[in-house]
Amino acid sequence: MFDESLLDDPDGLSRADLHGLLRGAAESGARVRTAVRNATEAGIGSLQPDGRPRAVLVAGPGPAAGSTAELLSALADGSCPVALIRPAGVAPAPGALRWTLPGWTGPLDLLLVASPDGTEPGLAVLLEQAYRRGCTVVSVSPAGSPLAEATAQVRGLAVPLTATPYEAAMAGGTENDEGTRAVLPSGPGTLWSLLTPLLALADRIGLCTAPPEALESLADHLDQVAERCGPAIATYSNPAKTLAAEVADTLPLIWSEGELAAAAGRRFATVLAALAGRPALAAELPEALTAHGALLSGVFAAGADPEDFFRDRVEEQEAALHARVVLLREHEPDVTSPAPAARELALHRDTPVSELEATESNSALETAAELLAITDFAAVYLALASTP
């Protein structure tokens, strides 16, 4: 159940926010500034690389590593391949995850490891693989963590993770009444804590443009979005609350235009599931029209009869889940944009459409920040205003 009235009740939102999710989203700008200082103190600003690496590999636990790799790839704009190393193993079992370098990895490549807690033994094994191959290593993890120590052992560069005290419970779980650890979802600010030092590094190696002044501007932009999306701002003028209300009790089909929007769209689908427990599908335009076209005319279409598919066979019939298109764009569509055709198709199928377009900004970093921040806030509001 989604309680839309709670969106305009700041005190109620505060009481419902047991894990500091709103605070984490609002502090993203401050995290960027602190992360820049940590990166500078770690020595990233004084690096004198010989040039861009042949390839950049990204590894880490959870969805943040995937989002980091996608954003770095989009910001690199083809200047260097950026690939995610996906783990294998049983995630719930401590130490069960394993990462393996591609067979072609060598001294010309760069390995970036990002971990919110830095305790995964499999990442230490990955660092040993990289050392044997002569691959340069940079990690972002809590200071003094096993991963930070393993990075030092293989002569890599370890950057301390920017974190807040209340995040310890979210990253590692809290003890419940039975004395066991209950794992909680990562806060929305974690991505910026992991990504910012890597952006500073990417600037030094020529992967993308992110000098200190650009990162300061990024932090300011995140602060501005937080002001627009804060809990005290009414729903009618708050883009995050509006989006949360629109996608509640729907199946969001997140269609994106542009690489940065695509990365933001996939992350939005991820945090909707992780924070709000809501299913969502993400796809890029124009392929999304084919990939999701059947969902606009099947059982998820507006007006479809849900009786057979959604019947509650114990008590009463529950409400059907209908599709809603969420269009994410980096800028205003031009004559070659597939967005107008996508909107027309959805409306022709009686499917409602939500649209989110980044305001005109000075950099790709600020464009990405706006799309990520608004969708993060929307996922948090949806989580707080939903009851089991």
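Residues numbered from 1 in each chain as written. Predicted model: local features only at pLDDT ≥ 70, side-chain atom pairs only at ≥ 80, totals over all residues. Heavy atoms only, no water.

Participant: Outline the overall build of the protein chain, supporting the account with residue identities and numerical values.
Facilitator: Within the protein chain, the secondary structure is distributed over 15 helices and 11 strands. Long-range contacts, defined as pairs at least 24 residues apart, comprise 73% of the intrachain contacts of the protein chain with a sequence gap of at least 6. Working note: accessible area of the protein chain is about 17,600 Å², and carbon and sulfur atoms make up 53% of it. (Helix = DSSP H or I, 4+ residues; strand = E, 2+ residues; numbered from the N terminus. Contact = heavy atoms within 4.5 Å. Areas by Shrake-Rupley, 256 points an atom, 1.4 Å probe, with all protein chains shown as cover.)

Participant: For the sheet that holds strand 5 (residues 157-160), give the residues involved together with the corresponding values.
Facilitator: Strands sit in the order 2-1-3-4-5 across an open sheet of 5 strands; the sheet is parallel. In the strand order of this sheet, the two ends are held by strand 2 (82-84) and strand 5, each with one partner. Across the sheet, the mean angle separating the axes of adjacent strands is 20° when strand polarity is ignored. Taken strand by strand, helix 6 (residues 146-153) contacts strand 3 (110-114), strand 4 (136-141) and strand 5, and its axis lies near 160° from that of strand 4. In the packing of helix 8 (residues 190-204) onto the sheet, the strands contacted are strand 3, strand 4 and strand 5, and the crossing angle to strand 4 comes to about 145°. (Pairing = 2+ DSSP bridges. Axes fitted to C-alpha atoms, helices over the stretch in contact; angles between N-to-C directions.)

Participant: Got a sec to walk through the pattern of salt bridges? Specific residues and values, please.
Facilitator: A pair can form between side chains of opposite charge whenever their charged atoms are brought close. Applying the stated criterion across every chain yields a total of 14 salt bridges. Glu27 is the salt-bridge partner of Arg23, the closest N and O atoms lying 3.0 Å from each other. Between Glu355 and Arg343 there is a salt bridge, with the nearest N and O atoms lying 2.7 Å from each other. Pair noted here: Glu355 is in strand 11 (residues 353-357) and Arg343 is in helix 14 (residues 339-348), with a separation of 12 residues, a long-range link. Residue Glu355 is classed as partly exposed on the basis of its relative accessible area of 39%. Taken together, the salt bridges that share partners define one network made up of Arg33, Glu216, Asp220 and Asp223. (Salt bridge = Lys/Arg side-chain N within 4 Å of Asp/Glu carboxyl O. Buried < 20%, exposed > 50% of the residue type's maximum accessible area, 1.4 Å probe, protein only.)

Participant: Can you break down the packing of helix 4 (residues 63-76) against helix 11 (residues 259-276) residue by residue, with the values?
Facilitator: Where helix 4 contacts helix 11, the axes come no closer than 8 Å and their chain directions differ by 170°. For the element pair helix 4 / helix 11, the angle class is roughly antiparallel. Taking contact as the criterion, the partners of Pro63, Ser67, Glu70, Leu71, Ser73, Ala74 and Leu75 in helix 4 are, on helix 11, Glu259, Leu260, Ala263, Arg266, Arg267 and Thr270. Taken together, the residues of the contact of helix 4 with helix 11 sort by class into 6 nonpolar, 3 polar and 4 charged. (Parallel < 35°, antiparallel > 145°, perpendicular 65-115°, else oblique. Nonpolar A, V, L, I, M, F, W, Y, C, P; charged D, E, K, R; others polar.)

Participant: Describe the nonpolar core, and please don't skip the residues or the numbers.
Facilitator: Counting 87 residues, the largest nonpolar core has Leu72, Leu112, Leu199, Leu218 and Phe268 as its most contacted members. Among the elements that take part in this core, helix 15 (residues 364-384) stands out by supplying 15 residues, more than any other. The contacts of Leu112, once residues within four sequence positions are left out, are Val56, Leu57, Val58, Ala59, Leu72, Val138, Leu198 and Leu201. Ranked by size, the runner-up nonpolar core spans 17 residues in total, among them Leu57, Leu126, Leu127 and Cys135. (Core = buried A, V, L, I, M, F, W, Y, C linked by side-chain atoms within 4.5 Å.)

Participant: Could you give an account of the packing of helix 5 (residues 121-133) against helix 6, naming the residues involved and the relevant values?
Facilitator: In the contact formed by helix 5 and helix 6, the axes pass within 9 Å of each other and the chain directions differ by 10°. Looking at the two axes, helix 5 sits roughly parallel to helix 6. For the pair formed by helix 5 and helix 6, the contact residues are Leu123, Ala124 and Leu127 on the first element and Leu147, Ala150 and Thr151 on the second. Its residues assigned to classes, the contact of helix 5 with helix 6 comprises 5 nonpolar, 1 polar and no charged.

Participant: Provide a residue-level description of the environment of Leu47, including the pertinent values.
Facilitator: Tracing the backbone through its elements, the reader meets Leu47 in the loop between helix 3 (28-42) and strand 1 (56-59). Along the primary structure Leu47 and Ile205 are separated by 158 residues, whereas in three dimensions their C-alpha atoms are 8.6 Å apart. Leu47 has contacts with Leu157, Leu201 and Arg204, leaving out every residue within four places of it along the chain.

Participant: A description of helix 10 (residues 239-247) should follow, citing residues and the corresponding values.
Facilitator: Within helix 10 the residues assigned to the buried category are Ala240, Lys241, Leu243, Ala244 and Val247. Within helix 10, the buried residues cover an arc of 160° as seen down the axis, which keeps them to one side. For helix 10, the capping residue at the N-terminal end is Asn238, with a side-chain oxygen 3.0 Å from the backbone nitrogen of Ala240. Of the residues flanking the end of helix 10, it is Asp249, one or two places downstream, whose phi is positive at about 60°. (Arc of directions from axis to C-beta. Polar contact = N/O pair within 3.5 Å; in protein donor to acceptor, adjacent residues only side chain to side chain.)

Participant: So what's going on with the sheet that holds strand 10 (residues 322-329)? Residues and values would help.
Facilitator: Pairing is parallel across the open sheet formed by 4 strands, whose spatial order is 9-8-10-11. Single-partner strands in this sheet number two, and they are strand 9 (281-284) and strand 11. Geometrically, the sheet is characterised by an average inter-axis angle of 20° between neighbouring strands, direction not taken into account. As defined by bridge partners, strand 8 (residues 250-257) adjoins strand 10 across 8 bridges and the pair is classed as parallel. Paired with Pro252 across the strands is Arg324, a residue of strand 10. Here helix 10 sits on the sheet and contacts strand 8, strand 10 and strand 11; the angle it forms with strand 10, its principal contact strand, is near 150°. Against the sheet, helix 15 touches strand 10 and strand 11, its axis set at about 135° to strand 11.

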